[in-house]
Amino acid sequence: YAMVTGNFTTLTPQSVVSGAGHVLDVAGNVSVDTALTLGTLRVGGTLFADSATYNVATTVFSSTSHAIPALAYDTVVVRGGALDTLLTPLALAGNLTVTDSAHLSVKTTSLLVQGSFVTDSGGVLDMTQNDSVHVMGNAVFGGGSTSGHLTAGRLFIDGNFSQSGDSLSFAADTGLRTYFVHAAAPHTVTFANPGAGKSHFGTLVFTPSAPDSIVLA
């Protein structure tokens, strides 16, 4: 484990930062132009790195607002009351968690999560424009109120869906279309707080292998 209270910068591309299984905790900005291998990288500021040599098992964005860069992420955690924004399409090989009252805004681009997507402890997903989020694992909404935050775009779910936490942790407007993608096993859908004025789907679409789909709005 190593902590940096300021910024972390490498100046020579030939250098290597290697600590597989270890934690680098940086309160400020991270700027690396070299190979980076870590168990966990915690970033309090902005992150700049080379996607081709970025090999970090878990990346944690915390404390301040960020524009999350497109890198070869495995697992990502967004935390700490920040508003983090995606400005370019992003694909994650692992899981994505939005927690500790953080907000993640997709902002007219696309997000692919090959693992599970989770909100908890007040975390919120913002989809208010022509956004696209595809969760290949389970979608777990157990965070803060999404009233006014899920108003447009498309949410694709390959796995199961569950809602808990705040009674409005998945309060989608009709402009947000939720698609359950065809899968070998049935989807399980669970609402802890279902109903008008609580959590609910806006527009719901089933996409089986047959040409026709069933749409519930």
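Structure first, text after, so check above.
Residues numbered from 1 in each chain as written. Predicted model: local features only at pLDDT ≥ 70, side-chain atom pairs only at ≥ 80, totals over all residues. Heavy atoms only, no water.

A word on the pattern of salt bridges
- Applying the stated criterion across every chain, the model contains two salt bridges.
- Between Arg42 and Asp25 there is a salt bridge whose closest N-O contact spans 3.6 Å. Of this pair, Arg42 sits in strand 5 (residues 35-43) while Asp25 sits in strand 3 (residues 16-26), and the two are 17 residues apart along the sequence.
- Under the relative-accessibility criterion, Arg42 is labelled partly exposed at 32%.
- Between Arg79 and Asp100 there is a salt bridge, with the nearest N and O atoms lying 2.5 Å from each other. Of the two residues, Arg79 is situated in the loop between strand 9 (75-78) and strand 10 (83-86) and Asp100 in the loop between strand 12 (96-98) and strand 13 (103-105); the sequence distance between them amounts to 21 residues. (Salt bridge = Lys/Arg side-chain N within 4 Å of Asp/Glu carboxyl O. Helix = DSSP H or I, 4+ residues; strand = E, 2+ residues; numbered from the N terminus. Buried < 20%, exposed > 50% of the residue type's maximum accessible area, 1.4 Å probe, protein only.)

Looking at empty space enclosed by the protein
- Under the defined criterion, the tally for this structure stands at one cavity of 30 Å³ or more.
- Forming the walls of the largest cavity are Ile68, Val76, Val78, Leu86, Leu90, Leu92, Leu96, Leu104 and Leu111.
- Those elements that place two or more of their residues in the lining of the largest cavity are strand 9 and strand 11 (90-92).
- Residue composition of the lining of the largest cavity, by class: nine nonpolar, no polar and no charged. (1 Å grid on protein atoms, 1.4 Å probe; cavity = no way out; pocket = protein on both sides within 12 Å on 5 of 7 lines; lining within 4 Å. Points joined across faces, edges and corners; volume = space filled by probe spheres on them. Nonpolar A, V, L, I, M, F, W, Y, C, P; charged D, E, K, R; others polar.)

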